[in-house]
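The chain contents come next:
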Amino acid sequence: MNSDLIITPKTKVDQLLETYPHLEDVLTDYLPEFKKLKDPALRKTVAKITTLQQAAAIGNVKVEDLINKLRDVVGQDLYTGTGETKYNTSQPEWFKENLITTEFDVREMLAQGEHPVNQVIADLNTMETGKIYKLIAPFLPAPLIDKAGSLHIPHWIDQKSEEMFHIYFYKP
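Heads up: these notes are all about the structure in this document.

What counts and how
Residues numbered from 1 in each chain as written. Predicted model: local features only at pLDDT ≥ 70, side-chain atom pairs only at ≥ 80, totals over all residues. Heavy atoms only, no water. Pairing = 2+ DSSP bridges. Helix = DSSP H or I, 4+ residues; strand = E, 2+ residues; numbered from the N terminus. Buried < 20%, exposed > 50% of the residue type's maximum accessible area, 1.4 Å probe, protein only. Contact = heavy atoms within 4.5 Å. Axes fitted to C-alpha atoms, helices over the stretch in contact; angles between N-to-C directions. Parallel < 35°, antiparallel > 145°, perpendicular 65-115°, else oblique. Left-handed = near helix turned anticlockwise from the far one by under 90°. Nonpolar A, V, L, I, M, F, W, Y, C, P; charged D, E, K, R; others polar.

## Some points on the pairing of strand S3 (residues 155-161)
Two elements, S3 and strand S4 (residues 164-170), share six bridges in a ladder whose sense is antiparallel. By the bridge assignment for S4, Ile157 is matched with Ile167.

## Notes on helix H8 (residues 142-150)
Buried within H8 are the following residues: Ala142, Pro143, Leu144, Ile145 and Ala148. Taken together, the buried residues of H8 touch helix H3 (40-49), helix H4 (52-59), helix H7 (117-126), strand S2 (132-137), S3 and S4. Trailing H8 by a residue or two, His152 shows a phi angle of about 65°, which is positive.

## Digging into the packing of helix H2 (residues 23-30) against helix H5 (residues 63-74)
Remark: H2 packs on H5, axes separated minimally by 10 Å, with the N-to-C direction vectors making an angle of 150°. One element, H2, and the other, H5, form an angle in the roughly antiparallel class. Like other packed secondary-structure pairs, H2 and H5 cross with a definite hand, here right-handed. Seen from H2, the contacting residues are Leu23, Val26, Leu27 and Tyr30; seen from H5, they are Asp65, Leu66, Lys69, Leu70, Val73 and Val74. Across the contact of H2 with H5, the residue classes tally to eight nonpolar, no polar and two charged.

Quick look at the structure:
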């Protein structure tokens, strides 16, 4: 166990909790969405790939506030950098219902303790240009959206409820 871990926006949630197990309650109190991490399947999948920057986006809090809350508990200096990732929550011009060619509900896959990232990225890579991929998830899948963004695939997040997100990816 490495208690010299400096908490940054790039720190993975799993890495944070392995190094500082006592921060789990701090994290779940600050980000109620992360109470789901008590579920071992989500702990094995989501926590391993989600950074604190992505966690802040999921919880709709400032990444600096989250980092400083966690750093304060473990006695680290305050974090002053910024690194906001913006997620598109406004319906884009490219969105047309009839362009949706694939719909994938990741809830079952997550319940089985599997990562949907590789499946979705493979689907996006083989999708026809000008088409839309609809993803259904029980939370904002920030790591997946970031990965698609790195491939220049734009997205739109349509939050239906606290535990229902429709994320649309467009292949330009």
